[in-house]
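Residue-level listing of the chains:
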Amino acid sequence: MNSRRCMRFWLAVLAIIAPQSARSENWPQWRGPQSDGISSEKGIPTEWGREKNVVWRVALPGPAGATPVVWEDRIFLTTTEAAKVDMICISTDGKQLWRETIGEGSQNVREDEGNYASPSPATDGERVIGFMGTGDLACFDMDGKVVWRLDINEKYGPLNIQFGMASTPVLDNGRLYLQLIHGDGDPETEEARIVCLDAKTGNEIWQSKRLTNAKMECEHAYTSPFLYRFGDLEYLLTHGGDFTIAYDLGDGKELWRCGGMNPPAPGGYHDTFRMVASPGISEDLIVIPTAKNGPVLGVRPDGSGDITESDYFLWRMPQGTPDVSSPLILDGLVYLVGERGFLTCVDAKTGKEIYRERTIDARHRASPVYVDGKIIIPSRNGNIMVVAPGREFKVLAINDIEEEISASPVVSNGMLYLRTFDALYAIGE
């Protein structure tokens, strides 16, 4: 009897432990669980195509650059169709569960570069948030029921941004953070602000004017904020308007700011030096891209006050910034994906270039993701290069999905999810 009881005990323990150890990592926001583009999942294939290692493909009603998010068995993405911008929920077996309209107005805002479904959604497992370039903000429960709606144009003033609002919100611990960097080109009018809302109700908790000396088109930013949380440090990191600025999560107080980005070279202020690529983050380094092949900055994350050219300022590359793609920081190296596909690897401590190699000769809009010993780099034309991390450039595969793509890859449930202009793919062995 003792041996039988012992066996039953251990079987019960295994029944509890096994599902937890097999549980997949959620991807609740654009750059993943830690906002750094890094996944701990395993078993992701290196090679795939339209007919190879595709578990399923779901056609979408319209194009968008918004990256999907995943929580357990549900995938959420925003999309356009005719004059609507919608939130769609798809199960991890490829079935549409629900679809709800968030706002009106899906026209392109810059030829084929983007539309009002450019911001990615965010979820915390209780709710999913959709913020559209129209200024419509909506909160749904996981089954698609509307919890609350808000018109940002009415609440905080019209969104004045040349190519449409593209900033993805941050959802954390019952709070929703919005980065509204835009304006009329006059720094005296101060339209830009950071807003914190109660995720349950949509009510404002705090707002902070984002004061910079940016002018002209530099007042506009197409970047997204990040929650920086490593060790004892946590704050909201914002980028645009000639500055990177960190804010206290509790009350919105400014903690530090870094400038020195504009002009990128001697010759005066650059009136169209607007930020598109968002920073890359790690436990001991923040990599700040700029614009128009300008400088790349490496700064310490524990700054205070104005850290421009201070001891918190670690290194500066004079040129070579990514135009759209966010940096990836991994094992002491920084990976920068340029507009025409050049991959630059630099030392994270010094900023010294290790290599610069061509990937795919095409436009690059998605940000790179690391998973299972490989860096995945999509190009706009549907060719996706898989590169080995490390100080030596090594191509593992070039996979053609045969559809245009500007959304960043997502990894969850042992699958690689790719959102093209035409469909959502689940890639797995």
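Residues numbered from 1 in each chain as written. Predicted model: local features only at pLDDT ≥ 70, side-chain atom pairs only at ≥ 80, totals over all residues. Heavy atoms only, no water.

Let us look at the overall build of the protein. When you go through the protein residue by residue, the secondary structure sums to 2 helices and 33 strands. Taken over the C-alpha trace, the protein has a radius of gyration of 21 Å; the compact-globule value for 429 residues is 22 Å, and the two agree within 12%. In terms of overall dimensions, the protein has a C-alpha envelope of 80 × 50 × 50 Å along the principal axes. Considering the protein as a whole, with its 429 residues, one finds that 57% of them fall into the buried category. Once local pairs closer than 6 in sequence are excluded, the contacts in the protein between residues at least 24 apart make up 54%. (Helix = DSSP H or I, 4+ residues; strand = E, 2+ residues; numbered from the N terminus. Rg over C-alpha atoms; globule rule 2.2 N^0.38 Å. Buried < 20%, exposed > 50% of the residue type's maximum accessible area, 1.4 Å probe, protein only. Contact = heavy atoms within 4.5 Å.)

In this section: the nonpolar core. With 30 residues, the main nonpolar core has Trp48, Trp56, Ile90, Leu416, Tyr417, Leu418 and Leu424 as its most contacted residues. In terms of residues, this core owes the most to one element, strand S33 (residues 423–427), which gives 5 residues. When near neighbours in sequence (up to four residues on either side) are disregarded, leucine 416 contacts Ile44, Trp48, Ile376, Pro409, Val410, Val411, Tyr425, Ala426 and Ile427. By size, the runner-up hydrophobic cluster in this structure holds 23 residues, among which are Ile161, Leu171, Ala199 and Val276. (Core = buried A, V, L, I, M, F, W, Y, C linked by side-chain atoms within 4.5 Å.)

Here we take up the pairing of strand S20 (residues 296–299). Every second residue of S20 is oriented toward a common face, with Val296 and Gly298 on one face and Leu297 and Val299 on the other, all of them buried. Taken together, the 3 bridges between strand S19 (residues 286–288) and S20 define a ladder with antiparallel strand orientation. Within the sheet, the bridge partner assigned to valine 287 lies in S20 and is glycine 298. As judged from the 4 bridges shared by S20 and strand S22 (residues 313–317), these two strands associate in the antiparallel manner. Residue pairing across strands places valine 296 opposite methionine 317, the latter belonging to S22. (Pairing = 2+ DSSP bridges.)

Before going further, it helps to spend a moment on the sheet that holds strand S29 (residues 383–387). Here we have 4 strands laid out as an open sheet, ordered S27-S28-S29-S30, and antiparallel in their pairing. At either margin of the open sheet sits one strand with a lone partner, and together these are strand S27 (369–371) and strand S30 (395–400). Averaged over neighbouring strand pairs, the angle between their axes works out to 25 degrees when direction is ignored. As judged from the 3 bridges shared by S27 and strand S28 (residues 374–378), these two strands associate in the antiparallel manner. (Axes fitted to C-alpha atoms, helices over the stretch in contact; angles between N-to-C directions.)

By secondary structure assignment, the location of asparagine 26 is in the loop between helix H1 (2–22) and strand S1 (54–59). Within the local environment of asparagine 26, its side chain forms a polar contact with the backbone nitrogen of glutamate 72, the two atoms lying 2.6 Å apart. What asparagine 26 contacts, discounting residues up to four positions off in sequence, is Pro33, Val70, Trp71, Glu72 and Ser412. (Polar contact = N/O pair within 3.5 Å; in protein donor to acceptor, adjacent residues only side chain to side chain.)

Under the defined criterion, the tally for this structure stands at 20 salt bridges. We note a salt bridge from arginine 274 to glutamate 217, for which the minimum N-O separation is 3.1 Å. Of this pair, arginine 274 sits in the loop between strand S17 (254–258) and strand S18 (280–281) while glutamate 217 sits in the loop between strand S13 (204–209) and strand S14 (226–230); the two residues are 57 residues apart in sequence, bridging distant segments of the chain. For arginine 365, the salt bridge is made with glutamate 339, and the minimal N-O distance between the two is 2.4 Å. (Salt bridge = Lys/Arg side-chain N within 4 Å of Asp/Glu carboxyl O.)

With that settled, consider the packing of aromatic side chains. Each aromatic ring pair is specified by the distance between its two centres and by the angle formed by the two planes. In the structure shown here, the tally under the stated rule is 10 aromatic pairs. Between tryptophan 30 and phenylalanine 226 the ring centres are 5.7 Å apart and the planes differ by 10 degrees, which places this aromatic pair in the stacked class. Of the two residues, tryptophan 30 sits in the loop between H1 and S1 while phenylalanine 226 sits in strand S14, which places them 196 residues apart along the sequence. When the ring of tyrosine 228 is compared with that of tyrosine 235, the centres are 5.1 Å apart and the planes differ by 10 degrees; the resulting orientation is stacked. Exposure remark for tyrosine 228: the relative accessible area of 0% places this residue in the buried category. For tyrosine 235, a relative accessible area of 3% gives the class buried. The structure contains a cluster of three or more aromatic residues connected by ring pairs, namely Tyr228, Phe230, Tyr235 and Trp256. In this arrangement the basic side chain of lysine 215 is found over the ring face of tyrosine 269, its NZ or CZ atom lying 5.2 Å from the centre. Sitting over the ring of phenylalanine 342, arginine 356 keeps its end group 4.1 Å from the ring centre. (Phe/Tyr/Trp six-rings, centres within 6.5 Å; stacked < 30°, edge-to-face > 60°. Lys NZ or Arg CZ within 6 Å of the ring centre and 35° of its normal.)

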